[in-house]
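# Results of the structural survey
Chain by chain, the residues run as shown.
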Amino acid sequence: MPASLVAFVTGSGAPRVGRQIAIHLASLGYSIALHANRSTAGADEVAHHLRASGTKTVVLQGNLSDASVAEQLVHQVIAKWGRLDVLVNSAAIWFPTPLESVTAAEVRNYFEINATAAFMAAKAAGLQMVQQASGGVIINIGDWAVVRPYLDHAAYFPSKGAVEAMTRSLAVELAHRNPQVRVNCILPGPVLLSDDTDEVKAAAIAKSTLVKRVGTPDHIAHAVQFLIENDFVTGVCLPVDGGRQIYSGDCLHSEYHTG
């Protein structure tokens with residue numbers, strides 16, 4: 001792979017999925033633009049290790065609650081390297097809020113960071129990619145549970161549902177301008193448990209999947225690689241969730257069926 005290829009991963013400073021995606025893309029030969037808001041120390045640490053292994057790396061800081069910042073960050077990447085081949089919109093916020101406590105401001109904040117900022121970054125990246133003969137790839141990170149939402153996240157899920165619609169719309173828009181530009185989405189399942197998850201809860205989460213185990217950020221990073229390399233896939237929202245999206249775990253097994 002030519003060393004000139006460039007990838008930008010938002011939300012890649014903290015030890016979450018975005019960071020692992022960036023590390024994986026670096027292993028494939030990409031120059032890497034990392035992004036963080038408050039986790040700049042973590043991003044700097046990752047950048048240090050990537051540079052030590054020979055990867056050209058830059059760290060960008062920006063608060064995506066201002067959607068114009070997303071465009072500015074993309075333009076900074078392009079200004080540095082003259083191109084952008086892969087954008088991964090991984091930055092997101094989520095936290096539990098009972099429905100009774102949800103405010104309009106909270107809903108708007110979710111949309112600004114999880115949907116609007118991702119859209120504006122994708123727009124800026126996509127319009128650069130359409131000028132490149134080789135095109136480019138945009139990958140958004142959604143959420144498998146949009147189709148089966150869980151409690152206390154009513155303000156969060158609408159923003160992630162918008163990511164799926166945005167993916168399909170931008171796939172059409174950008175391919176119309178350059179058929180070498182593709183846009184896809186990954187819908188992660190349980191791949192990174194919080195530090196306060198005890199063994200009982202972790203076991204229950206593993207049992208909730210068809211494969212009976214919790215995934216890892218590497219599973220998402222590998223899916224990113226697949227969507228980059230398979231040039232006949234665009235406009236899809238790919239669950240990487242161990243079957244969680246289709247499996248309810250409600251004990252309605254075949255032995256209960258009489259017909």
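Scroll up to find the structure this text is about.
Residues numbered from 1 in each chain as written. Predicted model: local features only at pLDDT ≥ 70, side-chain atom pairs only at ≥ 80, totals over all residues. Heavy atoms only, no water.

### Thoughts on the packing of helix α3 (residues 67–81) against helix α4 (residues 104–129)
Interhelical geometry of α3 versus α4 gives an angle of 35° and a closest axis separation of 8 Å. For the pair α3 and α4, the crossing hand works out as right-handed. Residues Ala67, Ala70, Glu71, Val74, His75 and Ile78 of α3 form the contact with α4, whose participating residues are Glu112, Thr116, Ala117, Met120, Ala121, Lys123, Ala124, Ala125 and Gln128. Class assignment of the residues belonging to the contact of α3 with α4 gives a composition of nine nonpolar, three polar and three charged. (Axes fitted to C-alpha atoms, helices over the stretch in contact; angles between N-to-C directions. Helix = DSSP H or I, 4+ residues; strand = E, 2+ residues; numbered from the N terminus. Left-handed = near helix turned anticlockwise from the far one by under 90°. Contact = heavy atoms within 4.5 Å. Nonpolar A, V, L, I, M, F, W, Y, C, P; charged D, E, K, R; others polar.)

### Regarding the pairing of strand β5 (residues 136–141)
Most of β5 is tucked away, with six of its six residues classed as buried. Residues Gly136, Ile138 and Asn140 line one face of β5 and the alternating positions Val137, Ile139 and Ile141 line the opposite face, and both faces are buried. Two strands pair when backbone bridges link them, and strand β4 (residues 86–89) and β5 are joined in this way by four bridges, in the parallel orientation. Across the sheet, residue Val86 finds its bridge partner in β5, namely Val137. Bridging between β5 and strand β6 (residues 181–188) involves six bridges; their strand directions are parallel. By the bridge assignment for β6, Gly136 is matched with Val181. Handedness of the crossover joining β5 and β6 through helix α5 (residues 157–177): right-handed. (Buried < 20%, exposed > 50% of the residue type's maximum accessible area, 1.4 Å probe, protein only. Pairing = 2+ DSSP bridges. Right-handed = clockwise from strand over helix to strand, strands pointing away.)

### Re the packing of aromatic side chains
For the coordinates displayed, the defined rule picks out four aromatic pairs. Taken together, a centroid distance of 5.8 Å and an interplanar angle of 70° make the contact between Tyr110 and Tyr156 edge-to-face. With a gap of 46 residues between them, Tyr110 in helix α4 and Tyr156 in the loop between β5 and α5 connect regions that are remote in the sequence. Taking the relative accessible area as the measure of exposure, Tyr110 reaches 0% and is therefore buried. Ring centres 5.0 Å apart and planes at 65° place the aromatic pair Tyr156 and Phe157 in the edge-to-face group. Pair check on accessibility: Tyr156 and Phe157 agree, each one buried. Through a chain of ring-to-ring contacts, three or more aromatic side chains come together here, namely Phe95, Tyr110, Tyr150, Tyr156 and Phe157. (Phe/Tyr/Trp six-rings, centres within 6.5 Å; stacked < 30°, edge-to-face > 60°.)

Structural measurements only, silent on function.
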